[in-house]
Amino acid sequence: MADVAHLPGVWEQIRLVAGLRWRILGNNLRKKHNQWDLIGMIFAGVFAGLIVIGLCFAFYFGAYAFLSGGREAWIALLFWGIFLFWQLFPIFTAGFGAGFEFRTLLRFPLSLRAFYVIGLAYGLADFAALASICWLTAIIIGATVANPAVLPAMLLISALFLLMNITLERTIGSWLERILARRRAREMFFALFILFAVSVQFINPLVQRYGRTAQPWVRQVVPYLAVFPPSLAGRAIAGAAQHNFMDTLLGAAGISAYMLLFSVFLWLRFATQYRGEELSESAAPARAVARPVSSTAEKGDALRLLTPQVAAVLRKEFRYLTRNSFAFFLLIMPPVFVLLFTTQFAGRHPTAMKHPVSTEFFFPGMMAYLLLILMAPAYNSFAYDGKGIQTFFTAPVSFREVFLGKNLLQAGMLAFELTLSMVAFSYLVGLPSLPVLLATLAAIIFNVTGQMTIANWSSLSFPRKLNFGQMRGQRQSGMAVLVSFGTQILLGGISAPILFMSRWTGDTWLPAEVFAFLAAVAIAGYSSSLNPLAALAEKKKESLIDALSR
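Conventions we followed
Residues numbered from 1 in each chain as written. Predicted model: local features only at pLDDT ≥ 70, side-chain atom pairs only at ≥ 80, totals over all residues. Heavy atoms only, no water. Helix = DSSP H or I, 4+ residues; strand = E, 2+ residues; numbered from the N terminus. Buried < 20%, exposed > 50% of the residue type's maximum accessible area, 1.4 Å probe, protein only. Contact = heavy atoms within 4.5 Å. Areas by Shrake-Rupley, 256 points an atom, 1.4 Å probe, with all protein chains shown as cover. Core = buried A, V, L, I, M, F, W, Y, C linked by side-chain atoms within 4.5 Å. pLDDT = per-residue confidence, 0-100. Disulfide = S-S within 2.5 Å. Polar contact = N/O pair within 3.5 Å; in protein donor to acceptor, adjacent residues only side chain to side chain.

Q: Any chance you could break down the overall build of the protein chain for me, citing the residues and the numbers?
A: A tally of helices and strands in the protein chain yields 21 helices and 0 strands. When the 550 residues of the protein chain are sorted by exposure, 41% land in the buried category. Sequence-distant contacts in the protein chain: of pairs separated by 6 or more residues, those separated by 24 or more amount to 80%. For the protein chain, the accessible area works out to roughly 30700 Å², and carbon and sulfur atoms hold 69% of it.

Take a look at the structure:
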């Protein structure tokens, strides 16, 4: 039999693995919650597609204007934009998007070449790659319309630029997978991501203040960028437009050299994985140390006003929050956002506009933005329970008490964050008038209570398991995200006109009175929804356990 059987070729192995992955995807879509998740992802993809298409027109007109206006060298700016997006976007989403570990492919009898080709081709399935390919196509069309003679050079340089970016992105991604295998590295990466997200907000004020003085420094740095792939691509296209074929040849040769260099690094990295590299952060075996029995008497319970079941769930949720460093880091963001936005849009000397926004409008808008951030986790409140979800169905506790414990922690966290943000807002620009302040507080109660009712239903209907100390693959359910945005847009659309009622009617206290009534109705609705949601949890027992116990 060994003489008769033969191993399939490289492309046959790739076809078999692709067919297997497609069959697995089709089988997963037979589950109802995966179908809803797919619908949510389709809606998100439509919005992302609209953004990509809009930028395609910008790249088209940019390439057309540069080549038709005699500024051929400026087309390098378009290549720089694509290059930076293609390489940086996957880095900052590596910890948050759904990732695929290529080591799982090694369970199949693949050759190293097939493993390399599959890993390289996976780079084409990334959102950054698909968007960049669309933008490269727009540049080719725009440049060809402006100067048809550059079409062969555009096709050659774009193909080399495409292969170079895919190879570099996969090289960086494979090394990131190794680096992020350690929890401490993931925490440092997440801290750097937060620092970067905050630092970006200061770019506009710094440019406005130091932009002119920094121009000489920028001019000195620009010549050193000529040796990088985007500048080489721009040089090659400019050479083709000016009939300077030496520049075109040098640009193509430079990009090819980069592609070959990155291909060597990627081959070495994939070869290491192919030989059986195992990434693990399990602790080394150690002798157990006996812990002394605590002799301190138990102190009074601060949660004695709650039932024991609700208090137990509340303690568990608090410990989950403090153990999850990524979720805990997010608690510092609301005060930071208040600091950033108030310095840009409010105060005596805003940096983003000439005249500051009135606190009568800016304060409610700022609170609504913070609610948008802080309420998102509530729509998947069982995310970190994992296999512990089975305990809720076996312990003598009702899901009414489970939801009360989870929602109390969410409400307490919101109260702490919003109070801290209000103190910072008051110190920086001052609070609005008393009617607007009370109306905003009543609107917060109305929005939070109303969202919690829908969030509890979303947590039962569209559960998605998340893991502590991990960023990669930690993506909420697509439908849960869609329900979250839809609910917040709906409640925001209700709240915004009510806040403006005082201007239309002349009664400054009318919004506060209306929101107080709506808050009472929302609280009554939340209280009456707990028992039906507990019954719904019993009906969805199997799907909950299946989604969270994988």
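Q: Give me the nonpolar core: which residues, what numbers.
A: Core analysis: the biggest nonpolar cluster contains 45 residues, and M366, M367, F382 and F399 have the highest contact counts within it. Counting residues per element, the ones that place at least two in this core are α13 (333–345), α14 (359–374), α15 (389–394), α16 (399–428), α17 (434–461), α18 (478–499), α20 (510–539) and α21 (541–548). Here F399 is in contact with F382, I389, F392, F393, A534 and A537, once residues within four sequence places are set aside. Judged by nonpolar contacts, the second largest core, of 41 residues, contains W135, A153, M154 and L232.

Q: Lay out the confidence of the model for the protein chain with the relevant residues and their values.
A: On average, residues of the protein chain score 78 in pLDDT, and 71% of them reach the 70 mark or higher. Considering only residues more than four positions removed or in separate chains, one finds that residues 294–298, a stretch of pLDDT under 50, has 0 contacts.

Q: Break down the environment of G123 for me, with residues and values.
A: Along the chain, the position of G123 falls in the loop between α4 (112–122) and α5 (127–146). Under the relative-accessibility criterion, G123 is labelled buried at 2%. For the pair G123 and R170, spaced 47 residues apart in sequence, the C-alpha to C-alpha distance is 6.2 Å. If we skip the residues at most four places from it in the chain, G123 touches A129, I166, E169 and R170.

Q: I'd like a rundown of the state of the cysteines, residues and numbers included.
A: On inspection of all chains with the given rule, the structure shows 0 disulfides. Of all cysteine sulfurs, the one in C134 lies closest to C56, which takes part in no disulfide; the gap is 5.1 Å. With relative accessibility at 16%, the residue C56 sits in the buried group.

Q: Could you give an account of unusual backbone geometry, naming the residues involved and the relevant values?
A: One can expect most non-glycine residues to show negative phi and most peptide bonds to be in trans. Although it is not a glycine, H243 sits at a positive phi angle of roughly 60 degrees. Within the secondary structure, H243 is located in the loop between α9 (229–241) and α10 (245–274).

Q: Kindly report on the side chain of K316, identifying the contributing residues and their values.
A: Within the secondary structure, K316 sits in helix α11 (residues 308–323). For K316, the side chain forms a polar contact with the side chain of D385, separated by 2.8 Å. With residues up to four places along the chain from it excluded, the contact list for K316 reads D385, F392 and K406.

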